[in-house]
Every structure is written in structure tokens, then in C-alpha cells.
Amino acid sequence: MKVTEAKKWLLAEAGRRGVDLEVLATSQSKLTIQARDGATSDVGMATSGGIGLRVIKDGRVGYAYSEELTEEALGWTLDEAIGNADLQEQGSAALPAGTALGRHELVDEGLSAALQEKKAATIQLERQLSADPRVQTMQNAGYTERRSEVEIGSTRGADGAYHVGHASLFGALVMREGESVKQGYEQDAKREFHQLDPGRTAQETLRKLGRHLGAKPLKTGRRRAIFEPDVVSTLLALFTYAVSGKTLAEKRSRLDGKLGTKVASELVTIVDDATLPDGLGSRPFDSEGTAARRLVIVEDGVLRSFIHNSDTAARTQQANTGHAARSYRGTLDVGTSNLLLLPGSGVTYGSGLLVTDLMGVHAGANPITGDVSVQGMGLELVGGEQVPVDDFAISFNLFNLLERVEEVGDDAEWIAGWTGVAKVPSLAVDDVSFAGA
Amino acid sequence: MLSTYSYSALLDQGRAAGADFAEVYVERWRRRALRTIDGRVEEATSGIQLGAGVRLFFGEDVIYGYTNDLSDAALGELIANLAGLKGDAAGRPDQAGRGGIDLRKLDAGPDIHAPTVPFERHDKLWRLERLRELDAGARISPHIKQVEATLLEWEQDVWVANSEGAYVEDRRVRTRLVAQAIASDGTETQTGSSGPGLSMGLELLDKHQPAAVGKRAAEMALTNLRAKPAPAGTMPVVLGNGFGGVIFHEALGHLLETTGVARNASALTGMIGQQIASPVVTYVDDGTTANGWGSSRFDDEAAPTERTVLINKGVLESYMVDRWGALKTGYRPTGSGRRQDYTYAPTSRMRNTFVTAGDTPKEKLFDGIELGLYAKTLGGGQVRPGSGEYNFAVREGYMIRNGEVAEPVRGAMLLGKGPDSIKKIVAVSDDEANEPGMCGSLSGSLPVEVGQPHLLVSDIVVGGEA
């Protein structure tokens, strides 16, 4: 069966068994090109997809998914979803009332360039990176493009689809100067192939990593910190955990009960906006079919809203903000689209430590408590110079840090990575703990 | 899943397109996850994953593609597309393989990891009861405010065939039980966790009683609750056994994978035969440990797994070598080609990796340390193999004062450069143990064990409160 056919079969079968069903189907295609020694080397092409089920039976919810679209596999999947629902205690879960959402094309001609052009861009990136004599090893120079077709349907009438895609260039390399060795990774992602610029990506990759060569161990102490946008996007992703309606419903949020109160410096305004034309995280509706919109989360330091799907909204008696996030293999969660920290009037670079990267965040940051102790890369600001430093850790409590933000940069830039999609500026905070030699 | 004829025809098609080597990997997973919070079901999910990955080698260049349409037509089209992608640099058409590839099924003998209590033995309610036992076991103090219990079940069937005629079938069954406890005294909130996992069925819950797993997580949360922030600076560190081994996994193991070594992207490239660690260190990667979380009979490119001695008394003896790494470096393959699932091409990866036991009694390690850190349990970490820079979080830590384990501390992070730290191991105790974890790298997230006895490192940078 094809995905659309499987969706129909499942909705009809759910009807026969007297349960409510929401189906989320995704089909993805991917192209990767890597270059080595001035020619393309490894290439890859893939298509994949599957179908995710959310069943509601007597107010109880159960999930299951399948990538095998035979009647036998779909039958097993529906049985499991119902069995999983039966495990729940008596609940009041319900599918949101669905509407016809239409089909939305967000890719258009954006990725339609010829294969040769994409190969040429990849080779150009690799050549320009390799040309720098400080590059000891090119691990990877490559191009990736992805397209996803997302389709939803439910027994309560939701029906819609959208098509998104993006292209990116990336470089991973090791640079050396004398005894100093540094490894780094950069990527630039855009909605259209023609918005990519291999020359710019090469230059940025070399600049961002090369400035750390010759780093000296940092001395232990407290000092002013300036966090670059890359680092701010990581901090914001941790903060998202605390404003997630799911965290709130599970009673783990440090911000429980703080709506309308000050949770950050008045310089901090955080917005999530799924409607931006140039946002990589834009979407016409969320994974439950709730229409996209702009949401102010923190306004001038005051917490204005958590982010919710229909379930977390009901459980916390707050409004659904249209932030349902779910992959077909996963369960209903909440997630951001394009997360924005609005720019300020700029940061001053007189003194302190410019923090350019954090490492080990998945292990060294506790999103529940906000305690963060992670390895950093940075540049110490000494008499107008930027002096590279390494072998240090930076420790703080995220919530405390946000309250102490002193300056917000005017340098907001798009960051797309494992932390999601964000557009954020630099932030400066005084008196931060650094541990080193 | 596919017929022998299909595998042969697809591999032939790859060779005819000029590939020096072709491989078809097919897999089907059934997974279940059940998670409770405070004894109530928070999440229950089940799923089927199904797909095929095709890999073609043109010299040292690799082409990889995948699909979850397993029809002969779809797979044939995938191979044709992949060959077309290569285009400009296609190898010479192969004439040697005419007449078809004669696939030989490789036999690994009896499956020593096979479950004794298969998943079908018990129903969903039985599982829920076990998670409630875990919850009850964690309620050892009024400060324990929340308990999360998760049961994960994976059944993975794998079929791999390649143009050298090798064909293998492997079934990997894994079960993991994870407890997370949150403790709070009204002002502070801290967490603790415990998560045994093995290549076996539901007998895991006999081997690791849920109540005891819950209690262990709660004890850690309570210790952290009374812990003071860790100090910052450079000091001697005693690393706990078991999950303490994550330091070697990050600082050393990743640097010994040919994925990095072959590209000169590891700080330990070209050092076979050299003394790279203290002579008290012997480091092994073993894919054959009975029921090991990272064990399997074959790797994901049809090679039998093995026990590989990486470092013998401080001297580097072997890297972890996959097919591409062997081709590129000439080192002997070690059955180390692994991938998360069909959406990834395999790369050289760790399996169950551990420092072997030494002969120093654990208590002796603390002797003579005026001020140091006892990192009893570690969390995850990260490494950049090119520079060797690593870091990892201490989940349960204590100060060492005048040779004794003293007050608990929290929020410590250990960091440094792997090749430096492994020279600073001055003593290894006799209490080796392994624990399961998930390791993320180029070919995805994989089950691995890390392990070691207690060991003393003369100095490490401790990130805490300055």
C-alpha cells in the first residue's frame, strides 16, 4: 500500500472498531553529496517514511507506528495502539475537532537545481576549505537536501498535507597551528539551493575554527561572559524545556506558577513564529492540525505563555498554542518552530570572555534544574585583542543567568542545528564561573 | 525478507554498474516502550521499522541509499539511481562476476544472547506491574517527589548480503529498564537515575529486580540533594567502576575507530605499537560478551564479531576496523561495522568497551590524596576525536579529603584532552564492571557497554563553581 491508501484503510478500520484515530504520515527524500580532493566522493539518495497512529479509546490514548504498509503490519499496529490505550487509567483524552486544512507547497522550485550544480557547489566548498594551509584534515565537506511531505487525517475530520524542504552545506575539519589542534563543524541551511554560498560557508568555517588555534589554558575565576548566537541558541533550547507544556503537565517545570511574573532580564523577549517566510521551521499547521501563529513566550522578561498542544493545554487548563510536535515514530510532544530571541541594542566587547561554543551539553546540562556545567571554547578579551583559550568549563544556572542578562546583541542570526531552528543575537552576562587551570 | 534470488540480482546489478563491492542490508524492528510517572502510564508505544540500505564501493568512494519499499522493482531503481549519482567517477564495469553471485550463509553457531523469557510470554499489564514495583522501590524518603519508570523492548532482525558472496541473518533482542527519581526538599531539586539493559528478553527483570533499580535511582537523587556545588580546578580524581568507563569511551575509544583514523582525523592516527597510555591500562572492545548490551553475533556488514584487544599494557595494538576502514588503512577488519538502522551506512563503532581489572584494592586508590574528587557515577560525555578534547558530567560525586571519601558534591564536569589523560592513570583496581549506554556518532545512536574498575587519574580539570 502507499501512504495515502494506508491512511484511508486505517481510518476505516478504526471506525469499525469504534475508536477515534489520528494518523500522521511522513514521506521523506534525501540527497547527500560529499567531496574529497577536488572531486565528489561519497553520495547518497534515500526515500523513507511511515505512518504514526494515535488512538483514543474511552478517553485513553495509545500510540503505535509502522513503516511496513501491509494489511498485516497495519493491523498489528492498530491492535498495539488500542492495547496501549487500554493500559491507561480512566482519562479524558480526546482528539481535537479536525478541519479540512488543504495542501500546502512550501518548497516550490527551491531545490530544483541540476545535480551538476549541486556537485559543483560541494566541490567549491571542499576546495576553498582545503586551500587553507592550517587545515590538517578535511573530515567532511558536503551538501544535503531534504524534502518532507507531512500528511494528517483523523476520524474527527482533520485532513491536510504540506511539503517542506531545505538545502545545506557543511564542513567538518581539523585545523593545526604548531602544537595546537582544533576540530570543528559548521553548516549553513537555507530553504532554497540558490541561497547557499559555498565561498561564504568556507570563509565562516575557517574563521570560526581558526581563531581558536594557539589557545592557552584559561585560569579559574569569575568573569564577564559574552555568549555568541550559536551558544545562545543552545541556551534557548534548554529554556524551551521549562516552557514546554509537557514539562509543565508532568510537574517538572521550574517556571510552574510563574505566568505573568519576571523570569528573565527585561532585555529578554522570546517569541516563537511558525509563519515566517524565511524560517526553516515554518509550517502551516502543527502535527495535530492546529493552525500556525506567532506566540510571545517571554515579553520584556515577563513569562507570557507556555507552549502547548491540545493535550497539555487541557491538562494544565491553559490555551492550546498550536505547538504539537510529533514524528510518526514518536508520541505527541510540544516543540518550537522558529524560536526568536529579539535583538537588542548591542553588546560591548571591552572585557571578559567570548564564549563561542559549548560541548557536552546533553550530559552537562540538567534541563529540569537549569544547572549547567559544560566544556567551552572561547576567546578572552584582553586590551582590544581576542586571545584564544581552552581546557575550561563554564558553570551557571540557566534561570539565574537569564535574569542577569546585561546586554542583548544587535547581531541576530539564524541557527539551525540539533537544538532546532532559532534566530538569536549575542548575550552578555557579568560574573560567570569559569573553571580551568 | 528478500529471496536469495533477489539479493543475487541486486548485487549483480551493483557490480555491473561498475562498483567494486556491493552490499544489501535489510532489517525489520519491532519496538515497544512503556513509561510511567508515579505509577501512572505516561506513554505507551509500539512500532515496526522496515527498510533496506544499499551500499556500493567505487574504489574508496562509497555510495549509500535506502528505502522502505522492499519490492525488487524499488530496490533495482534505487541501485540504478545511486549508480547514476556517481556519474562522472564511475568505476570500470565488472566482468568477473558474470553468471551470478553464489551466496553462502555464514553460521555463527548457537545464539548465546537469545532470550529465555521472550516478549510474547507476558502481557502489557504484567509489564505495568513491574514498573509499579520499580516506583514503590524508589519511595525511600518523603523527599522523593517523582519517579519515572521506562521499559524498552527491541527485536531487530537483520539480513546482509554482499558481492563477495557472504550472507548472514542475525536476530538481536534487547531489553532495558530505566528509573529516574526526582528529589526535592522544598528549595533544591535534584535527580538520580539507574538503567540496566542487556541483550536478552524479559528475564532482565529477574536479573535486575525493578524495586532495586528504583531504589538505586532514589539514593542517587537524595545524595545529590544534600550535595554542595563542586569546587573548580585541577585535582586528582578517582573514577568509579562501571559507568566511570565512559571517560575511556569518549577520550580513547572514539579516537581508535578507523572512521577517524583513516582520514587522519584522530589524534591517535598511526600509533600502533606505541606506548600511548600508562602501562597499567589494558583496553578491550568485545562484541561477543554473552548478553552484552552492545553484543551481536555479526556486525552490520556481515562480519562475525570478536574480542579485540585495543591497548595492551599501555601499548596500542589495534584500532576498531570496519570494511571501509580496512580498505583505506590495510588494518585487519575487527567486526566493528555498526549502524543505528537502515537509514545509516555502517562505520567503525564500539561494542562493549572496557578497561580490564588491575590488582590494586579499591581502598588503596584514595591513600595519600589530600584533596581530590571521587567521581562515583558519570553521566554522558562528548569528544572531538581530531583534537582529543573530551568532557563528561559527574552524576554522583564526593570530595576526597586526606585519603577518605568525604561530603557529596554536584554539578562537576570533567574535561581535558584524551591522549594526555590516559597517560595520567596511575592505578587500576580489581573491581571491573560494565554498564549500558547509548553512543551517538556518524552512523547513529547505538547500544554499547562501557566499563572499567575503579581507577586513579593524577590530575583532571574539574569544572564546578569557581
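It should be emphasised that the depicted structure is a prediction, and the values quoted were computed from it without experimental measurement. (Residues numbered from 1 in each chain as written. Chains lettered and ligands numbered in written order. Predicted model: local features only at pLDDT ≥ 70, side-chain atom pairs only at ≥ 80, totals over all residues. Heavy atoms only, no water.)

To continue, consider the domain arrangement of chain A. Note on interface size: it is often stated as the accessible area lost on association of the parts. Residues and elements named next belong to chain A. Domain assignment breaks chain A into domain 1 (3-207) and domain 2 (215-437). Computed from C-alpha atoms alone, the centre-to-centre distance between domain 1 and domain 2 is 23 Å. Listed per partner, the contact involves 30 residues of domain 1 and 26 residues of domain 2. In total, about 2,200 Å² of surface goes out of reach between domain 1 and domain 2, with carbon and sulfur atoms giving 60% of it. The three residues of domain 1 that bury the most area against domain 2 are L24, Y63 and R191, which together make up 24% of that side's buried surface. Taken together, the connections running from domain 1 to domain 2 amount to 4 salt bridges. For R54, the salt bridge is made with E288, and the minimal N-O distance between the two is 2.7 Å. Remark: the boundary between domain 1 and domain 2 carries 9 residue pairs in polar contact (both at pLDDT 80 or more). For the side of domain 1 that touches domain 2, the elements supplying multiple residues, two or more each, are strand 1 (20-36), strand 2 (39-57), strand 3 (60-66), strand 4 (100-105), strand 6 (159-177) and strand 7 (180-190). (Domains from an automatic or database assignment. Contact = heavy atoms within 4.5 Å. Buried area = accessible area lost by both parts, 1.4 Å probe. Salt bridge = Lys/Arg side-chain N within 4 Å of Asp/Glu carboxyl O. Polar contact = N/O pair within 3.5 Å; in protein donor to acceptor, adjacent residues only side chain to side chain. Helix = DSSP H or I, 4+ residues; strand = E, 2+ residues; numbered from the N terminus.)

In this section: the interface of chain A and chain B. Facing the 74 residues of chain A at the interface are 78 residues of chain B. Between chain A and chain B, the buried area comes to about 6,200 Å², and carbon and sulfur atoms account for 46% of it. Its largest share of buried area at the contact with chain B, chain A owes to M45, W76 and L87 of chain A, together 11% of the area lost on that side. With a shortest N-O distance of 4.0 Å, D69 of chain B and K2 of chain A are connected by a salt bridge. Here chain A is connected to chain B by 40 residue pairs in polar contact (both at pLDDT 80 or more). No other element matches the 10 residues that strand 2 of chain A contributes to the side of chain A that touches chain B. Of the residues that constitute the side of chain A that touches chain B, the class distribution is 23 nonpolar, 30 polar and 21 charged. Summarising the sheet, strand 2 of chain A and strand 3 (residues 61-67) of chain B pair through 4 bridges and their orientation is parallel. Bridge pairing links M45 of chain A to G65 of chain B in strand 3 of chain B. (Nonpolar A, V, L, I, M, F, W, Y, C, P; charged D, E, K, R; others polar. Pairing = 2+ DSSP bridges.)

The subject of this paragraph is the layout of surface pockets. Taken as a whole, the second largest pocket encloses approximately 1,000 Å³ of empty space. Considering the residues around the second largest pocket, the lining is formed by 39 residues, among which A249, E250 and R315 of chain A together with R40 and E42 of chain B are closest to the centre. Where the lining of the second largest pocket is concerned, the elements lending two or more residues are strand 2, strand 3, helix 6 (245-249) and helix 7 (310-316) of chain A together with strand 2 (40-58) and strand 5 (144-162) of chain B. Ranked by residue count, the leading element in the lining of the second largest pocket is helix 7 of chain A, at 5 residues. (1 Å grid on protein atoms, 1.4 Å probe; cavity = no way out; pocket = protein on both sides within 12 Å on 5 of 7 lines; lining within 4 Å. Points joined across faces, edges and corners; volume = space filled by probe spheres on them.)

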